[in-house]
Structures are given as structure tokens and as C-alpha cells.
Amino acid sequence: MADHSQFRLLGERRFLPFFLTQFSGAFNDNLYKNALLLLVTYSAAGLMGLSVDIVVNLAAFLFILPFFLFSAIAGQVADKYEKSLVIRRVKALEIVIMALAALGLWFGWYGALLLLLFLMGTQSTFFGPVKYAILPQVLRDDELVGGNALVEMGTFVAILLGTLAAGLIMGFDAPERVAAVAVLIMAVVGYLVARQVPATEAGAANLTIRYNPLKETWKLMAMAREKHSVLLSIMAISWFWFLGAAYLTQFPNFAKSELLGDETVVTLLLAIFTIGIALGSVLCERLSGHRVELGIVPIGSLGLSLFGADIYFNMPTATTTVDWWTVISDGDYRRIAIDLLGIGVFGGLFIVPLYAFVQHETPADKRARIIAALNVFNALFMVVSALMGMVMLGLIGLSIPEFFLVLSIMNLVVAGFVYQQVPEFALRFVIWVLSHTFYRVRHQGLQRIPEDGPVLLVCNHVSYMDALVIAGAVRRPVRFVMDYRIFKTPVLGAFFRLAKTIPIGSRNRVPEIYQRAFERIDEELDAGNVVCIFPEGKLTKDGEIDTFRGGVELILERRPVPVVPMALRGLWGSFFSHCGGPALKHWPRRFWSRIELRAGDVVAPEAASAGQLLQQVTELRGETP
């Protein structure tokens, strides 16, 4: 398994320099922001006559404003030019900005330092689209989830370490001068590692960059809407940042007012939350099986709500001031720590597959601009999150645990809407659960299925779970052709309708269903999709493969497409097979099944016949039913 671990990417030049570049950038951003805010809070005694609270919010506004103004231009630049070049230019700009920041810190020019936050936000705006758009170019499909997991882990760990470093610097005799040297050194280090990022092809070298921020931002939104599933994934990612910003913003006051904790408790809560996201991100690779697996996303959203609600229902009764050790050692406080860890872990499970899905489903010549659109939405959602926090906690007067409960309920509502709009999320969730509980599925030869274009899959039919097993194994979405009577089964019927399964029946008994099925098959193949049929026409009653009917030949007469024969073995004897009696009505021989799905060589349409395909499927299956 070591060869398949995402951590091996940290030893490869195609990934490590980029990882270190983004890590150093996230670290430096947070070192600078937090050092500045701490200096303003404790050393400058306010700024320009403004209260500390106003300065803190002004700083956040100045940093996030460039994402609204310049994301459209940043996306165009990242698509037009070679990405390692863009990274080097952006990191060179960081050196200039941090040199000015070092002067400001050294001499106490706090007004100028706030304005430099705007320039830092601008630099981050131009790095964001490259950060995610480059990954599909340097990683294989089966590395995309692992690479994104490492990026998310690195980002949040860098945020934590940058925040902690800022706090440590405040303990020095001249913290502003130590901070000045530190941010400049980190900027130089970031540029040096950026020089090692390997070159990639430009996504859209002929693109003409247009500099109208409002008009181009609107175009970004239109581009993001081109594919509904990508747009909903972008919305889901932005919702995560809405939640994350809400939690992170409340940590200081939550620790102080609700837990009666000292400053060490704030640091501990931030560390626990960050470590949770890092763990969840890394866990994605193992749970997804080295593929872009949307089935994990609903698990993430459920965990976010459950652990968030648990904080409300299990708040300890705080009567005296506590420190970080009390939070870890006392059972009541420890439960809150576990809840925050859980929110982080399930947040990682939620966000990593979504980032990988957006990258995977976006055309290379538009990828950076769609990532730029994502950054705009992220910034917008984070602003709305701050406004909602002020309304809920300030105007309405909710306590912070009550606010967390509201967030948990809202998360369930948002998740339900997304999964209803994009059934693939719910479909992949059910498939993932089945393939990780009742079944252990091994695959062989599935790389033979073409990555794009119309394909017809033919397979033996053993159980009602056949379609789910195949759907869980094949990387592309599959449209299955199945007996119309299965749609009368309450749960399975609803599920297969959700999966856009094509019902078929006997030509003599239900001619209209039979005719419509072939029309639907032709429509799906014409659209370039994958269609799977079970040519036996029914489940096997003895475990053996029955005669293949002529429907496959009728399909190929209307639409000549490549055919991939497949064979399932190991499902005979399950609750969903006819072994021991009618399926779903008898006690299964076993609850846990080891299943194998094998795919043969692609068969040209002119060479495919029912008899010949039957022979190939039989050979693929072998002796074991």
C-alpha cells in the first residue's frame, strides 16, 4: 500500500515544490495578519482613533476585498500563461510586499501595514486559481484526491503554525522587528521553492485578458453555471468556508465567555479544529480508494451537523477559569474538544472530494477561471458568514452554542438541497456505503473502458445489487437498463429512478416500455454516455449465465459504439440474488461478500454479437458464480 499513499507525492519534484510554495504562503499570510493584529491590540493601543474591534474587522475586509475585485483577472492570467511562471511572478511580488511590510513593522507605520493587507490579499487572489488548476496537470486521476488532501492539510497546518508563530513573536522584547525579519525571510523562502515548480502547459494560450473587474466577474459566474454539478459543488465548497469562518471567528469569545478559558484554551481549540481538518483531508485518500469519490461528501456533511449540534447539547457548566489542560483532562470539557475535532475531520471529508471533483470535471482551458469563480463565492460566503454572526449573536442575542446549533441545522438543509439537485451525490453515497459494508469489491481490467465517448457495457446478471456494484467501480456515470418491475420495489425503485436507470420490459407484454427503452438507450449513447445492459434479461435462477438475447444487436444497429464485456462473480448467494428462493424474500447464505468485477477487451461494434459476447462474459467470470 505504501506505493499508493498520497505521502509519496511529497518526495516527488512534480508536487513537493508546489506544496512547499503554498504552505509557505499560507504560513506567511497568517504570520503577518496575526502579528499585525496583536501589535495593534497590545502595542499600538488602537489605530487612527479607531477601536481594536473596528481595526480587526477592517483588516479582514481589506484582505478579502481583492478576491471580489481581481479574481476574474487572476483566473484569466492563470489560464493564459504557463502556471509555474505565474507562481514565480506571484511569489516575487510577495517579496516586494513583505519588504514594505518589514519597513512598516520596523518603524511602526500601522496605517501603511493595513493597506499592505490589501496587497497581500491581491497576491493571494492571483495565487488561488493557479493553486488548484495546476494539480490536474501534474497529478494522475488516481492521485487527484490525495494531492488535494495534502494541499488542504498543508494549508490548515500552515494557518495554525502562522497563527502560533505570531503569538510567540509577541513574547520577544521587540516583537515588531522580529516579525519584520520573519515575514521577509518566509517570502524569500517561498520564492526559492517556487523556482523548483516544474513547467506545465498553458490552458488557453490564445486567451485575451480583459481588465474590467465587474464585467469579467459576471462572466466567471456564467462560466461556473455551464455545468450544473460543478456549480453545486462550488456552492458546497463555499458553504464549507461559510461554516469554517463562523466557527473560527467565534473561537476566542467561545473560549473566554462560554468555557471561561484563558488564552491557552483559544490556541488549543484552533489547534484541535485545524488538526481535525488535516486528519479528515488525509483520511479522504483511504476512504475514496484513490479516486474522485462523491460518496464521501454526504458523510462529511452529516458529521459536521452531528458534532456541531453536540456542542450545544453537551456544554459544560463553567464556574471557574480553566486552562488548556482542563479542556483535555476533564471529561465534560474534553467532549467539546472531541466535537471540534470531529467537525474538523468531517469538514476535511466534505471539502477534499469536492475540490477534486471541480478540478476533474472542468475543461483544462477554463479550469483556472472556474477556480477563480470559486474564490469569489468563497469570499462572498465568508462575508455573509460574518454578517450572520453579528445578527445572530448581536441583534437576536443567541449564545454561541445556540449559534452552533443553528449552523448545524442550516447545514442539513443546505446538504439536502445540494443532494436533491445533484442526485449523483446521494447515489455515490449509497454505493460507497454498500461497497464498504456488505461487499468487498475487487476490480480487474476496468481501465479498458474508454474515458470518454459512448460505450456499451454488457454483463451477467446475478442480483439486484449488480448495477450498484458496477456503478461504484466504473469511474464514469453509467446508465443502466433494467427490468421495469424493479421500479415497483419501494426503496430500490426510487433509488434507480434517481440514478436515471432505463426501464425495459417484454416486447409482447409492454411494447410501449420496450420501444421507449431503446429510444432512451440511443439518446444516452448519442450524448456520449456509458450504458450498461444485462443481456440475459433477468436474474439468474441457478447461478449460471443464461442465453444473451438479441437486444444488444438491436442497440448496435441503431448506434454502432464500442462494447466492453464484463463479468460479476461472488454475488450468488446474497440476499439480493435468487439463490435459495426469490430475491429479497429469503435468508441470505452470507452477510459479507467478496465480489470481483472483471472487464474484457473492447469489442468493435461490427464484431459484437449476442453469442460472441456471451462467450467472452462466460470466460471472464470463470467457474465461480
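It should be emphasised that the depicted structure is a prediction, and the values quoted were computed from it without experimental measurement. (Residues numbered from 1 in each chain as written. Predicted model: local features only at pLDDT ≥ 70, side-chain atom pairs only at ≥ 80, totals over all residues. Heavy atoms only, no water.)

Concerning the confidence of the model for the chain
In the predicted model, the chain carries a mean pLDDT of 85, and 92% of its residues have values of at least 70. Looking across the chain, the model is least confident in helix α16 (residues 423-435), with a mean pLDDT of 71, and most confident in strand β2 (residues 455-459), with 96. (pLDDT = per-residue confidence, 0-100. Helix = DSSP H or I, 4+ residues; strand = E, 2+ residues; numbered from the N terminus.)

Side note on the environment of F118
Here F118 lies in helix α4 (residues 110-133). The spatial distance from the C-alpha of F118 to the C-alpha of L62 is 4.9 Å, given a sequence separation of 56 residues. With residues up to four places along the chain from it excluded, the contact list for F118 reads L62, L65, P66, L69 and F70. (Contact = heavy atoms within 4.5 Å.)

Focus: the packing of aromatic side chains
Counted according to the given criterion, the structure contains 20 aromatic pairs. Between F15 and F18, the ring centres sit 6.3 Å apart and the planes meet at 65°, which makes this aromatic pair edge-to-face. For the pair formed by F15 and F18, the shared burial category is buried. Judged by centre distance (5.7 Å) and plane angle (75°), the ring pair of F240 and W241 falls under edge-to-face. For F240, a relative accessible area of 4% corresponds to the buried category. Among the aromatic residues, ring-to-ring pairing joins Y247, F251, F254, F273, F403 and F404 into one connected group. Note that K33 overlies the ring of F63, its terminal NZ or CZ placed 4.1 Å from the centroid. R225 extends its terminal NZ or CZ atom over the ring of W218, reaching a point 5.8 Å from the ring centre. (Phe/Tyr/Trp six-rings, centres within 6.5 Å; stacked < 30°, edge-to-face > 60°. Buried < 20%, exposed > 50% of the residue type's maximum accessible area, 1.4 Å probe, protein only. Lys NZ or Arg CZ within 6 Å of the ring centre and 35° of its normal.)

Points about empty space enclosed by the protein
In this approach a probe as big as a water molecule rolls over the atoms, and the regions it shows empty are the leftover space. Applying the stated criterion to the full structure yields two cavities of 30 Å³ or more. By volume, the largest cavity is sized at about 60 Å³. Lining the largest cavity are A236, W239, V297, F350, L354, N411, V414, A415, V418 and Y419. Only α9 (228-258), α13 (331-361) and α15 (400-421) provide two or more residues apiece to the lining of the largest cavity. Top element by residues in the lining of the largest cavity is α15. It accounts for five residues. Split by residue class, the lining of the largest cavity holds nine nonpolar, one polar and no charged. (1 Å grid on protein atoms, 1.4 Å probe; cavity = no way out; pocket = protein on both sides within 12 Å on 5 of 7 lines; lining within 4 Å. Points joined across faces, edges and corners; volume = space filled by probe spheres on them. Nonpolar A, V, L, I, M, F, W, Y, C, P; charged D, E, K, R; others polar.)

Digging into the packing of helix α11 (residues 296-313) against α13
Two elements in contact, α11 and α13, have axes separated by 8 Å at closest approach and are oriented at 160°. One way to sum up the angle between α11 and α13 is to call them roughly antiparallel. Taken as a pair, α11 and α13 cross one another with a handedness that is left-handed. Taken together, the residues of the contact of α11 with α13 sort by class into 15 nonpolar, six polar and three charged. (Axes fitted to C-alpha atoms, helices over the stretch in contact; angles between N-to-C directions. Parallel < 35°, antiparallel > 145°, perpendicular 65-115°, else oblique. Left-handed = near helix turned anticlockwise from the far one by under 90°.)

Observations regarding the pattern of salt bridges
Tallying each qualifying case throughout the model produces 21 salt bridges. Between D601 and R448 there is a salt bridge, with its nearest N and O atoms 3.2 Å apart. Placement of D601 in the loop between β7 (593-599) and α21 (610-621) and of R448 in the loop between β1 (439-444) and β2 is noted, with a sequence separation of 153 residues between them. In this structure, R559 and D522 form a salt bridge, with 3.1 Å as the shortest nitrogen-oxygen distance. With a gap of 37 residues between them, R559 in the loop between α20 (551-558) and β6 (563-569) and D522 in helix α19 (residues 511-526) connect regions that are remote in the sequence. The exposure class of D522 is buried, given its relative accessible area of 16%. (Salt bridge = Lys/Arg side-chain N within 4 Å of Asp/Glu carboxyl O.)

Description of a nonpolar patch on the surface
A surface patch of nonpolar side chains, amounting to about 920 Å² of accessible area, comprises L93, V96, L100, L103, W106, F107, W109, V181, I185 and V189. When its relative accessible area of 42% is taken as the criterion, L100 is described as partly exposed. (Patch = residues over 30% accessible without salt bridge, like charges linked within 9 Å, V, L, I, M, F, W, Y side chains within 5 Å. Areas by Shrake-Rupley, 256 points an atom, 1.4 Å probe, with all protein chains shown as cover.)

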